[in-house]
Every structure is written in C-alpha cells, then in structure tokens.
Amino acid sequence: MPALVLLGAQWGDEGKGKATDLLGGSVDYVVRYQGGNNAGHTVVVGDQKYALHLLPSGILSPTCVPVIGNGVVVDPSVLLSELSGLNERGVDTSKLLISGNAHIITPYHVTVDKVTERFLGKRKIGTTGRGIGPTYADKINRVGIRVQDLYDESILTQKVEAALDVKNQMLTKLYNRRAIAIEQVVEELLGYAEKLAPYVADTVLVLNQALEEDKVVLFEGGQGTLLDIDHGTYPFVTSSNPTAGGACTGSGVGPTKISRVIGILKAYTTRVGAGPFPTELFDEDGQALRRIGGERGVTTGRDRRCGWFDAVIARYATRVNGLTDFFLTKLDVLTGWEQIPVCVAYEIDGRRVEELPYSQTDFHHAKPVYENLPGWSEDITKAKSFADLPKNAQNYVKALEEMSGAPISAIGVGPGRDETIEINSFL
Ligand code: GDP
Ligand code: IMO
Ligand code: MG
C-alpha cells in the first residue's frame, strides 16, 4: 500500500505545508523525516493560519497520526510550546508519536550554531540559528543526545559530558565564551522527559506495521532539494537529506515501500540565506514577487530572495528524487505580468549548459538563459479545474511540465485548502 513522499523541489518554502495538509485528511500517518524547527510550514484552514516548525502538517487533520521520525532533530522546548500553542487553539495533538532515536537539539547546539556563523563573517551560511548543523554534526560524530536518553539519567549525564568536553574548550578558548555547565543542561533535559513520555514510540515498527495493514503513510519533507547536504548547493545547504532517500533513512521505511514522490514546485523561485541563485532578481520584478507572494520567512522573518522559475533546477529535482509528480504552487502570484521569463538553461563561461553543473565553481558562474512566456491578467484564484485557467496560464503550466520532466498533478492558486486545482489524484 502506498507510502508517498512530498518534498521541496527548490530551496524550501515551496508550499509543502499546504500540500501536506491538503492530503492530511485522506492519509493515516504524516511523517517528518529530517530537519527540525528550521522549517516553517504554513497551513491555512478557513480563516485560521498555522505556522508549524517541528510538527508534521498532518497534525491539523483529526484522523491522521503525526510522526516525528528518527531523522528529525528535536528541540524539546520548541516542541512543547508548539504543542501547547495548538492545544490552546483547540487542536488535538494527543496522537503524536516521536521516535526515541531522534536527536535532541540542546541549548549548546543553538549557541554553537550562532557563534560559528558569527565567526564565519562574510562566508556565513545564513542559518536559521536553531542549532540544526551542530546537532547533526554531533549525531555523525557519535556524541549526540537522543530522545530515549532522557529516560536514563546516568547515560544522559555521560553523554552530555562527552559532548561538552570538546565544545567547552572551543567555546572558552577559541570563541571567548563562558563554558556551559553539564549539570544545568542535564537538569533542563530531564525536565522535558515526563512531558514528552506519552509521545515517545518505536516509530519504525509502528510505520512498517501500518504499511503492512494497508494504511497510507505520507512523508513530509522540510527544506528542499537544493538545500540537501549531499545534493544541494553545498556548503550553502542545511545539514540533512530533504531528498527522497532521506524519507527512508529518516523513518526506517524501506525504498520498496515508496510508491510516489511528489515534488512541491513554486511557479517562481525563492531562497533564504546565502548561496548561489542564478535567477535571483534585484529589480522591481523581484520586489513584486516578494510583495505579491508574501515571501517573508515563517521561521526567521527574513525577506526571501526572489527570482524567476528555473527549469534546470526543476529537472535536477526530478532526477535526484525520482519524482513521479509535481505540485505547482503559487501560480496566482504570477498574474499580471505581460511576459514571464523562465530559465531554460545556463550560460557558463560562454557555454550553454542544460543540466545543473556538479561543480560549485561552475554553478557560481551560471547565468540564466531565459525564454519569455506570455502572461495573463485574469484572476485565477477561483479556478477549480485546469480548463478554468486562462489559455496563457495553461500554456505556462504545460511549458513548465515539459521542461521539468514530470507531470504537474496539482496547481495551487491561493494559500487556502480549497484554492487548489487537482489534475491527477495523488491517492
Ligand atoms: P513550506 O515551508 O514549503 O511549507 O512553505 P511556507 O509555508 O514557508 O511558504 C509558502 C507560503 O505560500 C505560505 O505562506 C503559504 O500559505 C503560501 N501558499 C502556499 N501555496 C500557495 C498558493 O498556491 N498560492 C498562494 N498565493 N500562496 C500559497
Ligand atoms: P522549510 O521547511 C528555506 C536554509 C537557511 C540557510 C540554510 C541552513 O520551511 O522549507 P539551517 O538552519 O538549516 O542550518 O540553515 O538552510 N533553510 C531554509 N530555507 N526554508 C526552510 O525550511 C529552511 N530551513 C533551512 O536559510 O540558508
Ligand atoms: Mg517554509
């Protein structure tokens, strides 16, 4: 039975939250498999707007079980405040499951994230400052703290000691900061244990049993393909694998179980933080995309960098994720342009290049080669079917589909649940 992956095809903020929520009512489980509260997923239900950071967007569908998989990094204080915020708004969060193997973001990870960025100066990544990179670094270095460690004080203390051993040297001697007290960290972490206990589970077993029972499982990616630690624009990336393979390692569900991989694709491009972005606009068009598209970060409140659609990136996302479908979002934002430029290839040092170069140097030199597509001026936010779209909007979608290498199965024409054109059903 189907396990579906839904992930960002660009640099994040494509509209994953909305797309996940849309399917939430028809699936049994929604699983976050990587990232942490660096994510900001917006869901609009009627006149209510929710900003989710750590919780899977399925939390807003009463019948769905939300799962935080082993690949996620969890900041317990953020999680608990997100839960209580939703409870205050009448959302039942009691079904949530958290993997005991998920790693914990501690206050020292947040500190290290911030000082590292400060010391990188103009070479900084522009992280969200949530401790994501240092937590994944500790995981790989085998000095991480896992959710299950909260339930064994002795092990927890030993692990915090091991983790702080080097970090305190670094903080005091290199960064001129105060050392972090082991007891204080242990005490804070133990304080979360009881509150999180009802949710902690063997999520690998739960999900695999659910699939054996023909339940439908949806994996919700954080960030996006070009922010992937392996396949993104390294080093200007996040520290996890948002790409499709990450859904398997980050949940313990094997690749043979995945039946569909849906790439969420914005009808133009945005990026937050530093790093190359060939179609970035620095003119009035860029400002207009930001204004009309409301392109301001949900997590950090930073303005998003904006640019035209980049088909080279979309093709790359199709390839590295094995995408079966696209969900094209924010088409409505492009209403009103007479001509809409679309990047079809790059020019790199005088050569025309059709596919994403693997070399960082080449990508930094990439200049977009544009094709202009005719725009439309009619309001499309009420469109319910593809046929309701003006001819030029239809042609824009068809052109993007052709260039991107996978069928566009849904189109977003507004932030609300019902502002969606469904072309092929995902389930
Ligand atoms: P995510 O991180 O991928 O979940 O995306 P964000 O929530 O950070 O950013 C997407 C923004 O676009 C949110 O404010 C959504 O409410 C909004 N949105 C999603 N789909 C559409 C759409 O089709 N049209 C418009 N106008 N807004 C959309
Ligand atoms: P969602 O899930 C957009 C970016 C940061 C920075 C880089 C590394 O809402 O799409 P990190 O804090 O992860 O170490 O920062 O990644 N970044 C995102 N950009 N959307 C996100 O999440 C992001 N999460 C991280 O801006 O450039
Ligand atoms: Mg976001």
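J.: An account of the site of ligand 2 is needed here, citing residue identities and associated values.
T.: Residues in close proximity to ligand 2 total 20 residues, the closest being Lys 16, His 41, Thr 128, Gln 223 and Thr 238. Asn 38 places a polar side-chain atom, nitrogen or oxygen, 2.9 Å from an oxygen atom of ligand 2. A distance of 2.6 Å separates an oxygen atom of ligand 2 from a polar side-chain atom of Thr 238. Looking at the shell around ligand 2 residue by residue, the class counts come to six nonpolar, eleven polar and three charged.

J.: Which residues make up the sheet that holds strand E20 (residues 420-422), and what values do they have?
T.: One open sheet accounts for ten strands, arranged E9-E7-E5-E2-E10-E1-E11-E15-E19-E20; its pairing is mixed. Bordering the open sheet on either side are strand E9 (200-201) and E20, each of which pairs with just one other strand. Across six bridges, strand E1 (residues 3-8) lies against strand E11 (residues 258-266) in parallel orientation. Note that in E11 the partner of Leu 6 across the bridge is Ile 262. In this fold helix H12 (residues 391-404) packs onto E11, strand E15 (325-329) and strand E19 (408-412), with an angle of close to 135° to the strand it touches most, E19.

J.: Any chance you could break down the environment of Phe 426 for me, citing the residues and the numbers?
T.: With respect to the element layout, Phe 426 can be found in the segment after E20. Beyond its immediate chain neighbours, meaning those up to four positions away, Phe 426 contacts Leu 4, Leu 23, Arg 260, Ile 262, Asp 325, Phe 326, Phe 327, Ser 409 and Ala 410.

J.: Any details on the packing of helix H5 (residues 153-174) against helix H6 (residues 182-196)? Residues and values, ideally.
T.: Across the interface, H5 lies against H6 with an axial gap of 10 Å and an inter-helix angle of 135°. What the angle tells us is that H5 and H6 run oblique. H5 and H6 meet at a crossing whose hand is right-handed. Between H5, through Glu 153, Leu 156, Thr 157, Val 160, Glu 161 and Leu 164, and H6, the contact on the second element is made entirely by Ile 182, Val 185, Val 186, Leu 189 and Leu 190. Each residue belonging to the contact of H5 with H6 can be placed in one class, and the counts come to eight nonpolar, one polar and two charged.

J.: Talk me through the domain arrangement of the chain; I want residue IDs and the actual numbers.
T.: Here the chain is described as being made up of domain 1 (3-99 + 201-262), domain 2 (103-196) and domain 3 (264-422). The C-alpha centroid of domain 2 is placed 24 Å from the C-alpha centroid of domain 1. Each partner contributes to the interface: domain 1 provides 23 residues, whereas domain 2 provides 18 residues. Overall, the association of domain 1 and domain 2 removes approximately 1600 Å² of surface from exposure, summing both partners, and the carbon and sulfur fraction of that is 68%. The largest contributions to the domain 1 side of the interface with domain 2 come from Val 73, Pro 76 and Leu 80, which together make up 32% of the buried area.

J.: Kindly report on the coordination of the magnesium ion (ligand 3), identifying the contributing residues and their values.
T.: Distances from the magnesium ion (ligand 3) to its protein donors, Asp 13 (OD) and Gly 40 (O), fall at 2.0 to 2.1 Å. Here Gly 40 lies in the loop between strand E2 (29-32) and strand E3 (41-45) and Asp 13 lies in the loop between E1 and helix H1 (16-24), a separation of 27 residues in the sequence. Judged by relative accessible area, Gly 40 falls into the buried class, the value being 12%.

J.: Explain the pattern of salt bridges to me, and be specific about the residues and the numbers.
T.: Summed over all chains, the structure comprises 16 salt bridges. In this structure, Asp 303 and Arg 296 form a salt bridge, with 3.0 Å as the shortest nitrogen-oxygen distance. In this structure Asp 303 comes out as partly exposed when scored by relative accessible area, which is 41%. By relative accessible area, Arg 296 is classed as exposed at 51%.

J.: Outline the nonpolar core, listing residues and values.
T.: Generally speaking, a soluble globular protein has its nonpolar side chains buried in company with each other. Residues Phe 219, Leu 289, Leu 331, Leu 334 and Tyr 396 are the most contacted members of the largest nonpolar core, which totals 60 residues. Looking at which element gives the most residues to this core, the answer is H12, with six residues. Looking at which domains feed residues into this core, each of domain 1 (3-99 + 201-262) and domain 3 (264-422) gives three or more. Sequence-distant contacts of Phe 219, that is, excluding residues within four places in its chain, are made with Ala 3, Leu 4, Val 5, Leu 6, Val 31, Tyr 33, Ala 247, Ser 251, Val 253 and Ile 258. Counting residues in each nonpolar core, the second largest holds 38 residues, with Leu 86, Val 91, Ala 102 and Leu 150 among its members.

Criteria and cut-off values
- Residues numbered from 1 in each chain as written.
- Chains lettered and ligands numbered in written order.
- Predicted model: local features only at pLDDT ≥ 70, side-chain atom pairs only at ≥ 80, totals over all residues.
- Heavy atoms only, no water.
- Near = heavy atom within 4 Å.
- Polar contact = N/O pair within 3.5 Å; in protein donor to acceptor, adjacent residues only side chain to side chain.
- Nonpolar A, V, L, I, M, F, W, Y, C, P; charged D, E, K, R; others polar.
- Pairing = 2+ DSSP bridges.
- Helix = DSSP H or I, 4+ residues; strand = E, 2+ residues; numbered from the N terminus.
- Contact = heavy atoms within 4.5 Å.
- Axes fitted to C-alpha atoms, helices over the stretch in contact; angles between N-to-C directions.
- Parallel < 35°, antiparallel > 145°, perpendicular 65-115°, else oblique.
- Left-handed = near helix turned anticlockwise from the far one by under 90°.
- Domains from an automatic or database assignment.
- Buried area = accessible area lost by both parts, 1.4 Å probe.
- Donors = N, O, S within 2.8 Å, 3.2 Å for Na, K, Ca; no water.
- Buried < 20%, exposed > 50% of the residue type's maximum accessible area, 1.4 Å probe, protein only.
- Salt bridge = Lys/Arg side-chain N within 4 Å of Asp/Glu carboxyl O.
- Core = buried A, V, L, I, M, F, W, Y, C linked by side-chain atoms within 4.5 Å.

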